[in-house]
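Notes for the structure review
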Amino acid sequence: MKLSDIASQLNCILEGDSNLEILGVAGLDEAESDQLAFLSNPKYTSKLAITKASAVIVAKDFSSPTSLTLLRHTNPYLTFARAIELFYSPPSLANEIHPSAVVSPLAKLGKGVRIAANSVISDGVELGDNVVVYPNCTIYPHAKIGTNSIIHSNCVVREYVEIGSRCVLQNGVIVGADGFGYAKKDDGSWYKIVQSGIVVLEDDVEIGANSAIDRATIGETRIKRGAKLDNLVMVGHASVIGENTLLCGQVGLAGSSKVGRNVTLAGQVGVAGHLTIGDNVVATAQTGIPNSVEANQVISGYPAIENRSWLKSAAIFNRLPDLQKTLRELQRRVAEIERLFKKD
Amino acid sequence: MKLSDIASQLNCILEGDSNLEILGVAGLDEAESDQLAFLSNPKYTSKLAITKASAVIVAKDFSSPTSLTLLRHTNPYLTFARAIELFYSPPSLANEIHPSAVVSPLAKLGKGVRIAANSVISDGVELGDNVVVYPNCTIYPHAKIGTNSIIHSNCVVREYVEIGSRCVLQNGVIVGADGFGYAKKDDGSWYKIVQSGIVVLEDDVEIGANSAIDRATIGETRIKRGAKLDNLVMVGHASVIGENTLLCGQVGLAGSSKVGRNVTLAGQVGVAGHLTIGDNVVATAQTGIPNSVEANQVISGYPAIENRSWLKSAAIFNRLPDLQKTLRELQRRVAEIERLFKKD
Amino acid sequence: MKLSDIASQLNCILEGDSNLEILGVAGLDEAESDQLAFLSNPKYTSKLAITKASAVIVAKDFSSPTSLTLLRHTNPYLTFARAIELFYSPPSLANEIHPSAVVSPLAKLGKGVRIAANSVISDGVELGDNVVVYPNCTIYPHAKIGTNSIIHSNCVVREYVEIGSRCVLQNGVIVGADGFGYAKKDDGSWYKIVQSGIVVLEDDVEIGANSAIDRATIGETRIKRGAKLDNLVMVGHASVIGENTLLCGQVGLAGSSKVGRNVTLAGQVGVAGHLTIGDNVVATAQTGIPNSVEANQVISGYPAIENRSWLKSAAIFNRLPDLQKTLRELQRRVAEIERLFKKD
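Here's a quick rundown of the structure. (Residues numbered from 1 in each chain as written. Chains lettered and ligands numbered in written order. Predicted model: local features only at pLDDT ≥ 70, side-chain atom pairs only at ≥ 80, totals over all residues.)

1. Focus on the overall build of chain A
Secondary structure assignment for chain A yields four helices and 37 strands. Computed over the C-alpha atoms, the radius of gyration of chain A is 27 Å, more than 25% above the 20 Å expected from 2.2 N^0.38 for a compact globule of 344 residues. Principal-axis analysis of the C-alpha atoms gives chain A an extent of 100 × 75 × 30 Å. Looking at chain A as a whole, 54% of its 344 residues are labelled buried. Sequence-distant contacts, at least 24 apart, represent 20% of the contacts inside chain A between residues at least 6 apart. (Helix = DSSP H or I, 4+ residues; strand = E, 2+ residues; numbered from the N terminus. Rg over C-alpha atoms; globule rule 2.2 N^0.38 Å. Buried ≥ 20, exposed ≤ 12 C-beta atoms within 10 Å, placed from the backbone. Contact = placed C-beta atoms within 7 Å.)

2. A look at the relation of the copies chain C and chain A
Here chain C sits on chain A after a turn of 120° about the axis and a move of 0.0 Å along it, with an RMSD of 0.1 Å. Accordingly, the operation relating the two chain copies is best matched by a three-fold axis. (Least-squares fit on C-alpha atoms with pLDDT ≥ 70 in both.)

3. Details of the sheet that holds strand E29 (residues 252–253) of chain C
Residues and elements named next belong to chain C. Pairing in this open sheet of 10 strands is parallel, and the strands run E6-E9-E12-E15-E18-E23-E26-E29-E32-E35 from one edge to the other. In the strand order of this sheet, the two ends are held by strand E6 (102–103) and strand E35 (288–289), each with one partner. When strand E18 (residues 174–177) meets strand E23 (residues 212–214), the two strands line up parallel, connected through three bridges. Each bridged residue has a counterpart across the sheet, and for Val 175 the counterpart in E23 is Ile 213. (Pairing = 2+ DSSP bridges.)

4. Regarding the packing of helix H4 (residues 320–343) of chain B against helix H4 (residues 320–343) of chain C
Two elements in contact, H4(B) and H4(C), have axes whose closest approach is 10 Å; the angle formed by their N-to-C orientations is 30°. When the axis of H4(B) is compared with that of H4(C), the two are roughly parallel. Where H4(B) crosses over H4(C), the handedness of that crossing is left-handed. Each of B:Leu323, B:Thr326, B:Leu327, B:Leu330, B:Arg333, B:Val334, B:Ile337 and B:Leu340 in H4(B) lies in contact with H4(C), whose residues at this interface are C:Gln324, C:Leu327, C:Leu330, C:Gln331, C:Val334, C:Ile337, C:Glu338 and C:Phe341. Per-class residue counts for the contact of H4(B) with H4(C) are 11 nonpolar, three polar and two charged. (Axes fitted to C-alpha atoms, helices over the stretch in contact; angles between N-to-C directions. Parallel < 35°, antiparallel > 145°, perpendicular 65-115°, else oblique. Left-handed = near helix turned anticlockwise from the far one by under 90°. Nonpolar A, V, L, I, M, F, W, Y, C, P; charged D, E, K, R; others polar.)

5. Some details on the interface of chain B and chain A
Each partner contributes residues to the interface: chain B has 55 residues there, and chain A has 57 residues. For the side of chain B that touches chain A, the secondary structure elements donating two or more residues are helix H2 (76–87), helix H3 (307–318) and H4 of chain B. Of the residues forming the side of chain B that touches chain A, the biggest block, 10 residues, is contributed by H4(B).

6. Digging into the sheet that holds strand E28 (residues 246–247) of chain C
Pairing is mixed across the open sheet formed by 11 strands, whose spatial order is E8-E11-E14-E17-E22-E25-E28-E31-E34-E36-E37 (chain C). Two strands bound the open sheet, and with one partner strand each, they are strand E8 (114–115) and strand E37 (305–306) of chain C.

7. Points about unusual backbone geometry
Residue B:Pro303 is bonded to the preceding B:Tyr302 through a cis peptide linkage, with omega at -5°. Within the secondary structure layout, B:Pro303 lies in the loop between strand E36 (298–300) and strand E37 (305–306). Phi at B:Asn296 takes a positive value of approximately 65°, unusual for a residue other than glycine. Within the secondary structure, B:Asn296 sits in the loop between strand E35 (288–289) and E36. When the 12 C-beta atoms within 10 Å are taken as the criterion, B:Asn296 is described as exposed. Residues other than glycine seldom take positive phi values, yet C:His142 does so here, at roughly 70°. With respect to the helices and strands, C:His142 occurs in the loop between strand E12 (138–139) and strand E13 (144–145).

8. Thoughts on helix H1 (residues 3–10) of chain B
Since the α-helix advances by 3.6 residues per turn, residues separated by three or four positions end up pointing in the same direction. Residues and elements named next belong to chain B. Of the residues making up H1, those classed as buried are Leu 3, Ile 6, Ala 7 and Leu 10. End-on, the buried residues of H1 take up no more than an arc of 100°, which puts them together on one face. The exposed residues of H1 that point more than 90 degrees off its buried face are Asp 5 and Ser 8. Residues of H1 that are buried in the fold lie against strand E1 (13–15), strand E3 (35–38), strand E4 (55–59), strand E5 (69–73) and H2. Asn 11 sits one or two positions beyond H1 and adopts a positive phi of about 60°. (Arc of directions from axis to C-beta.)

9. What about the interface of chain C and chain A?
Tallying the contact residues gives 57 residues for chain C and 55 residues for chain A. Of all the secondary structure elements, the ones that give two or more residues to the side of chain C that touches chain A are E18, strand E19 (182–184), strand E20 (190–192), E23, helix H3 (307–317) and H4 of chain C. With eight residues, H4(C) is the single largest residue contributor to the side of chain C that touches chain A. The class makeup of the residues in the side of chain C that touches chain A is 30 nonpolar, 19 polar and eight charged.

10. With respect to the environment of B:Thr147
Residue and element names in this part refer to chain B. In this fold, Thr 147 is placed in the loop between strand E13 (144–145) and strand E14 (150–151). For Thr 147, a count of 18 C-beta atoms within 10 Å corresponds to the partly exposed category. Here the alpha-carbon distance between Thr 147 and Gly 110, two residues 37 residues apart in the chain, equals 8.1 Å. What Thr 147 contacts, discounting residues up to four positions off in sequence, is Gly 110, Gly 128, Asp 129, Asn 130, Val 131 and Ser 165.

11. Brief notes about the environment of C:Val113
Residues and elements named next belong to chain C. Residue placement: Val 113 occurs in the loop between strand E7 (108–109) and E8. In sequence terms Val 113 and Gln 9 are 104 residues apart; their C-alpha atoms lie 29 Å from each other. Not counting residues within four places of it along the chain, the set of residues in contact with Val 113 comprises Leu 127, Asn 130 and Val 131.

See the structure below:
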């Protein structure tokens, strides 16, 4: 594809050789001479000198000297994402209800719905226009899935769950399994509490492979518009996840917790139940959050504290043997001083 | 539903307006005026003054003044659990073997067994009376599932696994996949050890979505009666989980460990192999357990120690920069004293 | 089975009663009198005095006195693994393409391929000779699976993924779901980055139940020859896992990280993105790895440090209240000395 065509499709300003023939996109480190790379973070500017790419997407105000051909855009990373689409699109599912799919006559299907082999659509299910259901999915009774949503293979959507428009479930996702709720009986055994609530995924939510979002005991579990969840994430019953929030791989929420908007919980973070995390909070990897967190903080450790304090404490933790040695030496010196005093 | 009817069905003593019409149940915070709430933990008693609920389930000996109508019971939380069932029951599976299910003629099915679309029941499988298998499940050869157990969609029960009565597998559960066992060959590569053992789930066990319970190398992995496992839990080969024990979300057990009865391992707890955890132990979230633990303890941290000690250490950890500063100041002061002594 | 036959099949030197009739194999602790046990780790030598086993596999140069019949081999644990196979082999899948499987006419199947009930094989898929696909699997278009590989039930292999020979996917594994990649739009919402890359599993790789290996944004995610992954492991996009490396249960890698060969990451270890872990590194359970790690180290803690240092620091952490008390007492004593000095 000619670079001038790419620039035009991506709405970029082209500086340099507009006749370059581009065969694909890649990072600065991996790019070959016929590929288009990108520079989003200024700290990697020095890589321009060594990349093999012949053209690079840069910020509108990028000003370092370089002999490379440039595509300027206000958002280089987003432009790179769009560039990938010029060279690759995943294979699409056949435009049909596959004869091996088991679709209840009591389900309502919108226009252009595609259902692949061996998927099961139960009574009362509603699938909006252009919904795509890959093979081996199970959609339980009365679940609703909004227009243009994609349900990858081997997913489960449980009874009464509501999924918005343009949502994506990666493979093996379970939405709406029973929450972990039991009442203790007098003999010490557990009585299962019927989980009568639902799960709501608002529009533009994506859930990663093998993640599990539990239905509420009463009421609902809600993942708000634009939130993105990675693989193997668990969201306990009656939790609320805010708009555009990111939950990275293997994050776990116990239940009834409210996570604000634009929050990032990095990998393996754990969140206790019945607490509130404010907007824009960032928790670094493996953080354990036992209590509510004010908005706009970066937190770390377990129990979580402000990140810079934690970094200092963690650095001292690693030197605790030295600190203990210093303390013991000081004890010895003070004892010696005390001995001399007594002598006096 | 009339409150007097509810009181009668839940075996409660009613104090107040028995003619109240109740439309549902809810927590004290969320309840509307036509709903029934509950007060189990006395520390929430003050919420009675502000709840919109018109009636509340309380303990038999509850004595605080309130204008609300009361339902008294010795176990308010259990009673609440039963109250939910008066207002909600999940949709039930059609009473049939669905024609798309693939059921071996060599499988033995009890009375009232229901098998949903596209599930696969292999040779030699035994399903007890009233077993329910949702869609897209795979039951490997010679597995046995006891009466009234429920296998939700997209579950796997591997060869020779034994599941008791009234068990529930939430969606995507894998019972009996191979344990993680390899012997090192002379060239440094790994030789797979055939996992010849089984998994036994005793009666009344429930397993959460996408959890995995591995079969033993030899012998068995056993989850004892009434134990409840949450989502994304992993139980390694030859582990034993005691009666009524709770494993919360994303807990992991390495293998060959024995967990006692009435134990609670909170979210993301990790347990090393070949150790024993005594009865009634509670491990708080993210605890790492490398060694055996005596009964009746509350433990935290990694390596796990007694919870109160850990809380103290964790509090000091967060103040380590202050502690280090104090130590340095003390060094300076002692050096000054020593200098003065030398002067003398 | 006669012990002399076992010795011959396992290529062992037999010392003792070659006529023993052996009915099975077991660990030294669990073995019954008609079973064969093994002693691999010399620290368990004392168990020979109390085991009920009548014969034991030991090292070639084993020299402790014992009345038990011995099978000598240079690698006792590997020999034990092979002994299990003499007594147990899992049920095998029928040699057929099950009529309920949905196999694209555009898929290429090698000789002896078996495909079980309700599995879906899409257009352009290539299955090598003797590949076995258990029920309810979904193989997306253009995926390739090498000879003699085993895909257990309810697995997903996504488009263009390449799986080598003799690989094993335990149940519920997802290979090639989309990586977690989004570009921030000007309104704060996330734009999904098409994940155009693939996953490559080289030969002899095994993946545990419900694990998820993400496809790369561009290029590939690669699991090298002989690596073994346990259950519920997540490998982020564009990661590389070295030969014969072990990732234990619930390990998570963020993405674009390179893990060397013969590495062991124990349970629940977390690895940040864009870093390198050298060959032969061992990370103990729950370790958090935010930065690159040199080869041949044992590491622990978060942020990970050398294991012995961490052990010392962790021991002092548990005594921090004592350390703080000592420090306060010392402050008091120094203040007293200073007071006396002033008096002088």
